[in-house]
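The primary structure of each chain is shown beneath.
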Amino acid sequence: MADTNADTIYDVAIIGSGPAGYTAAIRGGQYGLKVALIESASVLGGTCLHVGCIPTKALLFNAEIWDHLKNAAEYGIAGIGTPQLDWAAVQKRKNAIVTRHTKGLEFLMKKNKVTTISGYGKLTGPAKDGIHTVEVSGGSNGETSQVKAKNLILATGSEAKTIFGQAPDDRILTNIEILALAEPPKSLIVIGAGAVGVEFSSIFRSFGTEVTILEFLPRAVPVEDEDISKELTRLFKKRGIDVNTSCKVEKIEKTETGVKVTWTTANGKTQEKEAEKVLVAVGRAPRTANVGIESTNIELERGFVKVNEAQQTAEPGIYAIGDIVAGMPQLAHVGAMCGIVAVSKIADRKFRPVRHDRIPGCTYTEPQIGSAGLTEAQAKEQGYTVKVGKFPFAGNSKATIVDSHDGFVKIVADAKFGEILGVHIIGPQATELVAEAIAVMELEGTVDELMFTIHAHPTLSEAMLDAYAAVEGMAINA
């Protein structure tokens, strides 16, 4: 990374190089803006690339291959004996993927003429004569310097929340520590059944770990449609994962050989369980402390930054994107699009604000979950009269071919006009299939139109066609 140049005035300086920050930087370069990207870590990419989305999905792919190999004989693969797990090789492959994409980011910064600056960026107050100043400390030369820009974008990201004030260590883990384990634990208690919790539960169950999930809310993956939660819970239990909901964790204690967790059930009963490791997956907190926000007019809501539809904060010339934004899902692809919106505004280019009902949610468990738009309950709460269609993957020939016929596609449609309000998928390649749902809703597709939209055979996407038809009770394969 480059050192700062006190004489340079950038069009935009971005603090944080996660998906939100680096996407904003690249688009800024494409627009011909002079861009500075400030990063306190030694590498670009943020949580997502190094200890989040990318390494986690690499492990999930390994887990999928491992599950297939355990049943190799069913696929006509003989002579391999009993598969042996080489965890060091699993970790090596995961790390190689991260390294490859880290280098790719470095290349993209050079290609788009983005100046990358090493150090911890901090706001210093409002603009003076139209120029903002960022204080950068802890850079490659160890000195404090200043970066000047006409506009600033805060993209400082988030970090895993902890409970009971317990710092992570080799037994009480967050997403960071669990990705660096020397071997899969024999037993694991996962506190929290959101995307992070259920994905790691899925990974380690595949590799033979005894997994227990404790969720405070009444159902797993609580942001999803209720039918999705029920199906994931059913299939997790079928895999041998002990799923417990409506649980209030009371304490976490270290024992001689592991960790003991005590919790209270919905009926007030106290239970406890011991495991080798505990993963705390209770959400992520915005990194908005100690970045100089108090020196500005930026407004916070529970630590999150309030912005308008162009990602502008209450301080003129300062924008916020990514996990720190109030009311926005903490998803890498959302942060990236918010970055594009902010830079488009800065460059005076056309843009469309991020719509909350047009954001795909993806959970890469086995089975996968992909969702978009309103749940059935949300649609009814908003006053729609809804019609629902549901098609099981058991009726899809490609799902049978790939030996993954659990789950379903659920369509929530407006009964009056037939517009698609929500699509909820649990099953094979759900995280890929959901892209069709987003495109359909962006174009305000209706059931009548989509029932006559040809989907190739045999494909998993045919399940979408049958689900659209199911809204009218006319699925062909069910």
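It should be noted that the structure appears before, not after, this text.
Residues numbered from 1 in each chain as written. Predicted model: local features only at pLDDT ≥ 70, side-chain atom pairs only at ≥ 80, totals over all residues. Heavy atoms only, no water.

**Observations concerning the side chain of T288**
Then, in step 1: Along the chain, T288 turns up in the loop between β16 (284-286) and β17 (300-301).
Then, in step 2: Assessed through its relative accessible area of 9%, T288 is described here as buried.
Then, in step 3: One polar contact links the side chain of T288 to the main-chain carbonyl oxygen of G303, over a distance of 2.6 Å.
Then, in step 4: For T288, the contacting residues outside a window of four places in its chain are I293, G303, V305 and I324. (Helix = DSSP H or I, 4+ residues; strand = E, 2+ residues; numbered from the N terminus. Buried < 20%, exposed > 50% of the residue type's maximum accessible area, 1.4 Å probe, protein only. Polar contact = N/O pair within 3.5 Å; in protein donor to acceptor, adjacent residues only side chain to side chain. Contact = heavy atoms within 4.5 Å.)

**Digging into the sheet that holds strand β22 (residues 386-392)**
Then, in step 1: If you walk across this open sheet you meet the 5 strands as β20-β21-β24-β23-β22, and the pairing is antiparallel. The open sheet has two edge strands with one neighbour each: β20 (361-363) and β22. Strand-to-strand twist of the sheet, defined as the mean angle between neighbouring strand axes without regard to direction, takes the value 10°.
Then, in step 2: Across 3 bridges, β20 lies against strand β21 (residues 368-373) in antiparallel orientation. Bridged to G361 within β21 is S371.
Then, in step 3: Along the sheet, helix α11 (residues 430-442) makes contact with β20, β21 and β24 (420-427), crossing β21 at roughly 10°. (Pairing = 2+ DSSP bridges. Axes fitted to C-alpha atoms, helices over the stretch in contact; angles between N-to-C directions.)

**Topic: the layout of surface pockets**
Then, in step 1: Computed from the structure, the second largest pocket encloses a volume of approximately 1100 Å³.
Then, in step 2: Lining of the second largest pocket is provided by 42 residues; of these, E64, T365, E366, P367 and S404 occupy positions nearest its centre.
Then, in step 3: Among the elements of the structure, α3 (53-70), α4 (87-111), α6 (195-206), α7 (226-238) and α11 are those that each provide at least two residues to the lining of the second largest pocket.
Then, in step 4: Top element by residues in the lining of the second largest pocket is α3. It accounts for 10 residues.
Then, in step 5: Residue composition of the lining of the second largest pocket, by class: 18 nonpolar, 12 polar and 12 charged. (1 Å grid on protein atoms, 1.4 Å probe; cavity = no way out; pocket = protein on both sides within 12 Å on 5 of 7 lines; lining within 4 Å. Points joined across faces, edges and corners; volume = space filled by probe spheres on them. Nonpolar A, V, L, I, M, F, W, Y, C, P; charged D, E, K, R; others polar.)

**A few points about the nonpolar core**
Then, in step 1: Counting residues in hydrophobic clusters, the biggest one holds 50 residues, and the most contacted among them are I14, V147 and I153.
Then, in step 2: If you list the elements that add at least two residues to this core, you get β1 (9-15), α1 (19-30), β2 (35-39), α4, β5 (132-137), β6 (145-154), β19 (318-320) and α8 (332-346).
Then, in step 3: In terms of residue count, the dominant contributor to this core is α8 (6 residues).
Then, in step 4: With residues near it in sequence (within four places) discarded, I153 still touches V12, A13, I14, I15, A24, Y319, I321, A342, V343 and I346. (Core = buried A, V, L, I, M, F, W, Y, C linked by side-chain atoms within 4.5 Å.)

**Brief notes about the sheet that holds strand β12 (residues 248-254)**
Then, in step 1: Read from one edge of the open sheet, 3 strands run β12-β13-β14, paired in antiparallel fashion. Either end of the sheet is taken by a strand with one partner, and the two such strands are β12 and β14 (270-275). Mean inter-strand twist for the sheet, computed between neighbouring axes without regard to direction, equals 20°.
Then, in step 2: Sheet analysis places strand β13 (residues 259-264) next to β14, joined by 6 bridges and oriented antiparallel.

**Digging into α3**
Then, in step 1: Taking 1.5 Å of rise per residue, 18 residues should cover 26 Å, and α3 covers 26 Å from first to last C-alpha, within 8% of that figure.
Then, in step 2: Considered for burial, the residues of α3 that qualify are P55, T56, A58, L59, L60, N62, A63 and W66.
Then, in step 3: Buried-residue contacts for α3 involve α2 (46-51), α4 and α6. (Expected span 1.5 Å × (residues − 1).)

**Here's the deal with the environment of K110**
Then, in step 1: For K110, the position within the fold is in helix α4.
Then, in step 2: A C-alpha to C-alpha distance of 46 Å links K110 and R219, two positions 109 residues apart in sequence.

**Some thoughts on the packing of aromatic side chains**
Then, in step 1: Taken as a whole and assessed by the stated rule, the structure comprises 3 aromatic pairs.
Then, in step 2: With centroids separated by 5.9 Å and ring planes inclined at 45°, the aromatic side chains of W87 and F204 adopt a geometry described as tilted. Here the residue W87 occupies a position in helix α4, and F204 occupies one in helix α6, the gap between them amounting to 117 residues.
Then, in step 3: The class for F204 is buried, based on a relative accessible area of 0%.
Then, in step 4: Relative to F204, the ring of F200 lies with its centre 6.5 Å away and its plane at 20°, an arrangement referred to as stacked. Of the two residues, F200 and F204 both sit in helix α6, 4 residues apart, roughly one turn of that helix. (Phe/Tyr/Trp six-rings, centres within 6.5 Å; stacked < 30°, edge-to-face > 60°.)

**Side note on the packing of α3 against α4**
Each pair of packed helices can be described by the angle between their axes along with the distance between the axes.
Then, in step 1: Running from amino to carboxyl end, α3 crosses α4 at an angle of 140°, the nearest separation of the two axes being 9 Å. In terms of their interaxial angle, α3 and α4 are classed as oblique. Where α3 crosses over α4, the two elements pack in a sense that is right-handed. Taken together, the residues of α4 that come into contact with α3 (itself represented by I54, P55, A58, L59, F61 and N62) are W87, V90, Q91, R93, K94, I97 and V98.
Then, in step 2: Residues that form the contact of α3 with α4 fall into these classes: 9 nonpolar, 2 polar and 2 charged. (Parallel < 35°, antiparallel > 145°, perpendicular 65-115°, else oblique. Left-handed = near helix turned anticlockwise from the far one by under 90°.)

Worth remembering: the numbers are spatial, not functional.
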